[in-house]
Amino acid sequence: MIKGVIIVNNHGKPRLAKFYQSVESEALQQSVVRRVFTQVAQRPDSFCNYLEGIIPEWGEHIKLIYRHYATLYFVFAVDSQESDLGILDLIQVFVEALDKTFENVCELDLIFHSDRVHYLLDEIVMGGMVLETNISNILEASRDQGKLHADSLISTDAANGASASQIRGQLETGNGGGWQQTYSDKW
């Protein structure tokens, strides 16, 4: 079972932290993130990408499986029953999904679009169990979510007095409050 997914930058700043096994307080969650970062960051890039971690909040025999991409560490904390290579492949699927969603993903995409990052992760892992590993299915679900979001914006604006054709016109010409730049180009 996956205990948590943590993305931190090279300076230890968390960019995503999702815990599938409860960590009681925010202070303990920050402690877990610091402990994970310390254990992973001190290892040279030439070492293997998994290690037995010491995370008391999650019990014994926790494995930290990670990949270091540019300025970010993608870390999955799992129990001893998970396959190391399977989780490495899962990290690769997650990063590819992010890269295709954001077109050359960078740290700022994770900061400014955290809702979409969480949605992608939820398409892959839910409740600590792997749901989907097919990149096409993940991206299709992400595009569907984007369409639903666009439709909700249109219905909200229509309820406020604007016609659907006016709203579509604004979105097509780029006068839609920044929506087109943020979403339609990315989905």
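Presented here is an overview of the structure given in this document. Note that this is a predicted model, so its numbers are computed, not measured. (Residues numbered from 1 in each chain as written. Predicted model: local features only at pLDDT ≥ 70, side-chain atom pairs only at ≥ 80, totals over all residues. Heavy atoms only, no water.)

### Notes on the sheet that holds strand S5 (residues 72-78)
Hydrogen bonds between backbone groups are what pair the strands of a sheet, and the pairing can be parallel or antiparallel.
Here is step 1: An order of S2-S1-S5-S4-S3 is seen for the five strands of this open sheet, with the pairing classed as antiparallel. In this open sheet, the two strands that pair with only one neighbour each are strand S2 (14-19) and strand S3 (50-53). Here the average twist between neighbouring strands, direction ignored, is 20°.
Here is step 2: Judged from the seven bridges that link them, strand S4 (residues 62-69) and S5 form a sheet pairing that is antiparallel. Residue histidine 68 lies in a different strand from S5, and its bridge partner there is tyrosine 73.
Here is step 3: The strands touched by helix H1 (residues 26-41) are strand S1 (2-9), S2, S3, S4 and S5; relative to S1, the strand with the most contacts, the crossing angle is about 70°.
Here is step 4: Those strands touched by helix H4 (residues 114-124) are S1 and S2, and its axis lies near 40° from that of S2. (Pairing = 2+ DSSP bridges. Helix = DSSP H or I, 4+ residues; strand = E, 2+ residues; numbered from the N terminus. Axes fitted to C-alpha atoms, helices over the stretch in contact; angles between N-to-C directions. Contact = heavy atoms within 4.5 Å.)

### Details of the nonpolar core
Here is step 1: Of all hydrophobic cores here, the largest spans 29 residues; its most connected members are Ile2, Phe74, Phe76, Ile87, Phe94, Leu98 and Val125.
Here is step 2: Among the elements of the structure, S1, S5, helix H2 (84-102), H4 and helix H5 (135-159) are those that each provide at least two residues to this core.
Here is step 3: Counting residues per element, this core draws most heavily on H2, at ten residues.
Here is step 4: If we ignore the near neighbours within four places in the chain, the residues touching isoleucine 87 are Ile2, Ile65, Phe76, Val78 and Glu82.
Here is step 5: Within the second largest apolar cluster, 18 residues are counted, among which are Phe19, Val23, Tyr73 and Val75. (Core = buried A, V, L, I, M, F, W, Y, C linked by side-chain atoms within 4.5 Å. Buried < 20%, exposed > 50% of the residue type's maximum accessible area, 1.4 Å probe, protein only.)

### Re H2
Here is step 1: The end-to-end C-alpha distance of H2 is 27 Å, a good match for the 27 Å that 19 residues give at a rise of 1.5 Å each.
Here is step 2: All buried positions along H2 are accounted for by Asp84, Ile87, Leu88, Leu90, Ile91, Val93, Phe94, Val95, Ala97, Leu98, Thr101 and Phe102. (Expected span 1.5 Å × (residues − 1).)

### Describing the pairing of S1
Here is step 1: Burial analysis of S1 places eight of its eight residues in the buried class, the great majority of the element.
Here is step 2: Sheet analysis places S1 next to S5, joined by seven bridges and oriented antiparallel. Pairing of isoleucine 6 across the sheet is with valine 75, part of S5.
Here is step 3: In sequence, S1 turns back onto S2 through a hairpin of four residues, with glycine 12 there showing a positive phi of about 90°.

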